[in-house]
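# Summary of structural features
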Amino acid sequence: MIFESLPTTPRSEELLDKAFSRAARAGRAKSGLEAQQSMLQTASSILSDNLENVVTRWPDFGTVDPFYYELADAIVDVDELRQSLSEVTWASRQIGELRREYQPKLRKTEPTTARKHRKQAFARMADVVEEVADDLIRIGEARDALRTLPDIRPGEPAIVVAGYPNVGKSSFVNGVTRADNETAHYPFTTRGVHVGHFERDRIRYQIIDTPGLLDRPEDERNDIERQAVSAIEHLADAVVFVLDASEACGYPLESQLELRDAVAERFRERDVPVLTVNNKSDRSRDVDAEYQMSVEKGDGVDAVLDAAVDAVAWEPDIPPSRQE
């Protein structure tokens, strides 16, 4: 996952302590002008390199897949994050300019004056780092939030499971996928996102249940949840909408069908097929659904999964054969 390997972002005071303490050790190892020059070089290198590393380890949001871009934007505000990354880039370059400004001042002078110039350089470098203190905090918080996003691969086919709570979505996902399902909680849902995988004809499919997002009407979602749904739209190759005609889930069938229609309308703009599936068919089949199944009894589950795979109609990119 693109955010998983992001390094810890140092706070401004941590970075300054690290740079100046190492500079002090470097200075003690030498004497006279050479000591002051070594301190300047050490501190400026640590500051500029660490600030640069904060930025370069982040992906280019201009090329990030729309799914991850919108998901990230729902959580951290990508525009603000990019501005903070830009400010830190400026700070890294500013430290380099200060080093180049003060290096000539430490060459042909006596040690007392050189020490005065070096201390002045340190003060100005500290001002630069402190100027981006809030940006470093924002970047660090964004890193902590984004590195735990679900490991969903936009390059692999994805089936999204939707429907009201307690209709059997999670049971369906758990029943058709391998034992290594991922379940985690994210800022846009308190109940966790369930991600499972299964294979057909050597193709790995992702099947995703998003409780807290596609299990209630649009007007009941907050802004973050709405944007997370928008991200899911980029991801889905097919949607399995699960109904419970028996209404044992606690929601009237009429409300379930209204949510189904709203989900279908939303995904229609991206030409994503939506399959209507009635679960708990052993209790009631009194609904016009494309498929009937009972996850509890194991009836019709394979047919639903086959239909979802057919709806995805995934054709992997196969490189052309090499010409002899």
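Coordinates for the structure precede this section.
A brief structural summary. Here the structure is a predicted model, which means the values were calculated and not measured.

Rules used throughout
Position numbers for residues count from 1 along each chain, tracking the sequence in the order it is written. Side-chain atom pairs in this predicted model are given and counted only at pLDDT of 80 or more, local residue features only at pLDDT of at least 70, and totals for whole chains, interfaces and linings cover all residues. The side-chain numbers reported here are obtained from all heavy atoms of the structure, hydrogens and water having been left aside. Every patch collects residues that have over 30% relative accessible area and no salt bridge, joining them within 9 Å if they carry like charges and within 5 Å if they are nonpolar side chains (Val, Leu, Ile, Met, Phe, Trp, Tyr). Method for areas: the Shrake-Rupley scheme with a 1.4 Å probe, in which residue coverage is limited to the protein chains shown. Any carboxyl oxygen of Asp or Glu that lies within 4 Å of a side-chain nitrogen of Lys or Arg is treated as forming a salt bridge with it. Asp and Glu count as negative and Lys and Arg as positive, but His and the ends of the chain are not part of the count. A charge is said to be at NZ when it belongs to Lys, at CZ for Arg, at CG for Asp and at CD for Glu. Strands are runs of DSSP state E lasting at least two residues, helices are runs of H or I lasting at least four, and both sets are numbered from the N terminus onward. Relative accessibility decides the category of a residue: with a 1.4 Å probe and only protein chains considered, values under 20% of the type maximum give buried, values over 50% give exposed, and everything between is partly exposed. Two aromatic rings from Phe, Tyr or Trp, using only the six-membered ring of Trp, form a pair when their centres are within 6.5 Å; if the ring planes differ by under 30 degrees the pair is stacked, by over 60 it is edge-to-face, and anything between is tilted. Whether a charge sits over a ring depends on NZ of Lys or CZ of Arg being within 6 Å of the ring centre and within 35 degrees of the ring normal.

Another aspect to go through is a positive patch on the surface. There is a patch of like positive charges on the surface, built from Lys18, Arg22, Arg25 and Arg28. Relative to the elements of secondary structure, arginine 25 occurs in helix α1 (residues 12-28). The exposure class of arginine 25 is partly exposed, given its relative accessible area of 47%.

Looking now at the packing of aromatic side chains. Scanning the model with the defined rule gives nine aromatic pairs in all. Ring geometry for phenylalanine 198 against tyrosine 205: centres 5.2 Å apart, planes inclined by 5 degrees, an arrangement best described as stacked. Of the two residues, phenylalanine 198 and tyrosine 205, neither departs from the other in class, the shared state being buried. Every member of this aromatic cluster is reached through a ring pair, and the members are Phe3, Trp58, Phe61, Phe67, Tyr68 and Tyr69. Here the guanidinium or amino end of lysine 105 rests over the ring plane of tyrosine 102, the centre of that ring lying 4.5 Å away. Its end group placed over the ring of phenylalanine 122, arginine 118 keeps NZ or CZ at 4.9 Å from the ring centre.

Bringing the pattern of salt bridges into the picture now. The full count for this structure, using the stated rule, is 20 salt bridges. Across the pair glutamate 233 and arginine 270 runs a salt bridge whose closest N-O atoms are separated by 3.5 Å. Of the two residues, glutamate 233 sits in helix α8 (residues 223-235) while arginine 270 sits in the loop between α9 (253-268) and β6 (274-279), which places them 37 residues apart along the sequence. Residue classification places glutamate 233 among the buried positions, given a relative accessible area of 9%. Residues lysine 280 and aspartate 244 are paired through a salt bridge, measuring 3.1 Å at the closest nitrogen-oxygen approach. Of this pair, lysine 280 sits in the loop between β6 and β7 (291-292) while aspartate 244 sits in strand β5 (residues 238-244), placing them 36 residues apart in sequence. Neither residue differs from the other here; lysine 280 and aspartate 244 are each classed as buried. In the salt-bridge network here, residues are joined through shared partners; they are Glu218, Arg221, Asp223, Arg226, Glu233, Arg266 and Arg270.

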